[in-house]
Amino acid sequence: MNKQELIATVADTAGLSKGDASKAVEAVFDAVTTALKKGDEVRLVGFGTFSVSKRKASTGRNPRTGEPMPIKASSQPKFKAGKGLKDAVN
């Protein structure tokens, strides 16, 4: 399912127009992104938790030449599925 299909499903399920459903989906994505940028977690009980994990700087190897190369520290988004989502999938 892509973003447009998600919007169409939300519109049908909630009885909204596609424009209103699009605004709602975008608002949810923006809220999650803003919270993660601040370093907060977003916990949706029964669905899962969005968080940010910090990765330390390290040294890797260039796959072509084998030479060592530095890898910068970075922040990575993470998602851990909740019990309700796990049960729904299984």
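Under an unreviewed UniProt entry, the protein has the name DNA-binding protein HU and belongs to Sphingomonas koreensis. For the protein, the Sequence similarities (unreviewed entry) comment in UniProt is given as "Belongs to the bacterial histone-like protein family." In the Function (unreviewed entry) part of its UniProt record, the protein is described as follows: "Histone-like DNA-binding protein which is capable of wrapping DNA to stabilize it, and thus to prevent its denaturation under extreme environmental conditions."

## Quick look at the overall build of the protein
For the protein, the helix and strand inventory stands at three helices and five strands. Once the C-alpha set of the protein is aligned to its principal axes, its extents read approximately 55 × 30 × 30 Å. For the protein, the proportion of its 90 residues judged to be buried stands at 14%. For the protein, contacts bridging at least 24 residues in sequence account for 27% of all contacts bridging at least 6.

## Looking at the sheet that holds strand β1 (residues 42-44)
Here three strands make up an open sheet; going across it, the order is β1-β2-β5 and the pairing antiparallel. The sheet is open, and its two borders are formed by β1 and β5 (74-81), each paired with just one other strand. Sheet twist, expressed as the average angle between the axes of neighbouring strands with direction ignored, equals 25°. Pairing geometry for β1 and strand β2 (residues 48-55), over three bridges, is antiparallel. Opposite L44, over in β2, you have G48 as the bridge partner. Against the sheet, helix α2 (residues 18-38) makes contact with β1 and β2, and its axis sits at roughly 35° relative to β2, the strand it touches most.

## Observations regarding the domain arrangement of the protein
Domain assignment breaks the protein into domain 1 (1-40) and domain 2 (41-89). The centre of domain 1, based on its C-alpha atoms, is set 23 Å off from the matching centre of domain 2. Taken together, the five residues of domain 1 in the interface contact five residues of domain 2. Taking both sides of the interface into account, the surface hidden between domain 1 and domain 2 amounts to around 420 Å²; carbon and sulfur atoms contribute 81%. Inspection of the region where domain 1 meets domain 2 yields zero salt bridges. Applying the counting criterion to the domain 1 and domain 2 interface returns zero residue pairs in polar contact (both at pLDDT 80 or more).

The rules behind these values
Residues numbered from 1 in each chain as written. Predicted model: local features only at pLDDT ≥ 70, side-chain atom pairs only at ≥ 80, totals over all residues. Heavy atoms only, no water. UniProt positions renumbered as here; feature names shortened; annotations may be inferred. Helix = DSSP H or I, 4+ residues; strand = E, 2+ residues; numbered from the N terminus. Buried < 20%, exposed > 50% of the residue type's maximum accessible area, 1.4 Å probe, protein only. Contact = heavy atoms within 4.5 Å. Pairing = 2+ DSSP bridges. Axes fitted to C-alpha atoms, helices over the stretch in contact; angles between N-to-C directions. Domains from an automatic or database assignment. Buried area = accessible area lost by both parts, 1.4 Å probe. Salt bridge = Lys/Arg side-chain N within 4 Å of Asp/Glu carboxyl O. Polar contact = N/O pair within 3.5 Å; in protein donor to acceptor, adjacent residues only side chain to side chain.

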